[in-house]
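Architecture and fold: a report
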Amino acid sequence: MDNPNPDTDPEDTLQLHEDEEIIEVIELEDTPQSPDALADELEDVCVADDDEEEEGWQTEDELMESEQDDSELTFTRHTGSVFCVRLDPLTNSLAVSGGEDDRAFLWRVCDGEVLLECTGHKDSVVCVGFSSDSALVASGDMSGVIRVWSVEKRAEVWSAEVGDLEWLEWHPCAPVLLAGVADGSVWMWKLPSGACRTFQSPGCQTTCGRILPDGKRAIVGYEDGSLRLWDLKQGTAIYVIKGQDGHRGALTCVSCSQEGALLLSGSVDGQAKLISSSSGKVLCSFSSQTSEGSGAAQDSNSVESVGFCNVLPLAAVAYLDGTLAIYDLNTHTLRHQCKHEVGVVQLQWEAESAVVCTCSLSGVLSLWDARSGVLMSEFHGHSAEILDFVLNREASVAVTAGGDHKAKVFCLQRPDR
């Protein structure tokens, strides 16, 4: 409607309700702005477009394109998480991997060509390995189905079914296979004949085991925190470590020094124990020093992997909180703490140097100089956690198994190589 009194200011004629008030009067320009002036003003306006609304989100293709991949080869035949991987000890040219898809594959490291698909499993394949002469390869699943295959003939030569499988270990110099079962018993077979011996269960689950370098004894860890050294020929326990000397929780890992004189055990109790293999005496207990607290705080920091250096008196202990601890075996003291952002899954020392390799839940493979505690290299490529890995004899190649359904081959280039 037109203003009846043209001389009256429009603001004076504005009718307000009781609860209203004028906040601001905006002056309108009579002359239109030029296109250039309008453009200058619009540059200051923040407009939320589609890209900004989706900031922090990437499509799978974009994510894969942006991910760093340092691997030389990616093995993609598995359709589920890859749980385990091993290299043949004779040539290091063949790999065997097992996974969530109830399958194991024997494949060439150089090009990923599948030589054998190990079928017939009923559950996830969680253990694989080659015999010492690389003639046989074994695959074992969670349900206890174990199959052994001839590498040359690409055919199955033997199989067995036991209780739920916990670990599988080949003898270091004979075609003999050991298996630890959830009921606590340990089985030993001579292959391919299948001649069998069992080692009595202490009444609780066996969680890890390792045959010593002499090939005559095996150290086995149990859920109740105890360790037993078994005489493989006699089938009897040489000694038992338990109670005050044992762990306060289930064993997670065991290792032995190159000559077999020392043992190292790790547990969910956050402790690693250094043991004389001849006497069973506990020489020292290493515990995580990453947290200021004690007791429950340390108990929750499980030991995930342990190992001995071959060239220096050093041992490495990997913890769930992401700490890699390097200990001096002469003084039983902590030398270095190497920090990972997430939990460490496994460690392995290079055979002829003081370099230790680790894999973690972040999907990264790391090389550490144990003499200085310095991170030397990192290798990326997995889009999920690395669940297992193995180094070749020269430590120039690492083969990894990941939760992203892939196994990868990394070339570990270093200036001193």
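About the thresholds
- Residues numbered from 1 in each chain as written.
- Predicted model: local features only at pLDDT ≥ 70, side-chain atom pairs only at ≥ 80, totals over all residues.
- Heavy atoms only, no water.
- Phe/Tyr/Trp six-rings, centres within 6.5 Å; stacked < 30°, edge-to-face > 60°.
- Helix = DSSP H or I, 4+ residues; strand = E, 2+ residues; numbered from the N terminus.
- Buried < 20%, exposed > 50% of the residue type's maximum accessible area, 1.4 Å probe, protein only.
- Lys NZ or Arg CZ within 6 Å of the ring centre and 35° of its normal.
- 1 Å grid on protein atoms, 1.4 Å probe; cavity = no way out; pocket = protein on both sides within 12 Å on 5 of 7 lines; lining within 4 Å.
- Points joined across faces, edges and corners; volume = space filled by probe spheres on them.
- Nonpolar A, V, L, I, M, F, W, Y, C, P; charged D, E, K, R; others polar.
- Contact = heavy atoms within 4.5 Å.
- Pairing = 2+ DSSP bridges.

Here we take up the packing of aromatic side chains. What the rule picks out here adds up to 7 aromatic pairs. Between Trp-187 and Trp-189, the aromatic rings sit 5.9 Å apart at their centres with planes inclined by 20°, giving stacked as the arrangement. Here the aromatic rings of Phe-286 and Tyr-327 are separated by 4.1 Å at their centres, their planes lie at 15°, and the arrangement is stacked. Here Phe-286, found in strand β21 (residues 282–287), pairs with Tyr-327, found in strand β24 (residues 323–328); they are 41 residues apart in sequence, far enough to count as distant. For the pair Phe-286 and Tyr-327, a shared accessibility class is recorded, and that class is buried. Grouping aromatic residues by their ring pairs yields a cluster made of Phe-75, Phe-105 and Trp-107. Directly above the aromatic system of Tyr-222 lies the positively charged group of Arg-228, at a separation of 5.2 Å from the ring centroid.

A probe as big as a water molecule, rolled over the atoms, marks out the empty space that is left. Taken as a whole, the second largest pocket encloses approximately 160 Å³ of empty space. For the second largest pocket, the full set of lining residues is Lys-339, His-340, Glu-341, Val-342, Ser-360, Ser-362, Val-364, Ser-366, Trp-368, Leu-375 and Glu-378. Put simply, the parts of the chain that give the lining of the second largest pocket at least two residues each are β28 (365–369) and β29 (374–379). Grouping the amino acids of the lining of the second largest pocket by side-chain chemistry returns 4 nonpolar, 4 polar and 3 charged.

So, on to the environment of Leu-347. Relative to the elements of secondary structure, Leu-347 occurs in strand β26 (residues 344–349). A relative accessible area of 6% places Leu-347 in the buried class. A C-alpha to C-alpha distance of 6.8 Å links Leu-347 and Val-306, two positions 41 residues apart in sequence. Beyond its immediate stretch of four places on either side in the chain, Leu-347 contacts Ser-305, Val-306, Gly-307, Ala-316, Val-317, Ala-318, Leu-324, Val-356, Cys-357, Thr-358 and Phe-389.

With that settled, consider the pairing of strand β13 (residues 195–199). Two elements, strand β12 (residues 186–190) and β13, share 5 bridges in a ladder whose sense is antiparallel. Each bridged residue has a counterpart across the sheet, and for Val-186 the counterpart in β13 is Phe-199.

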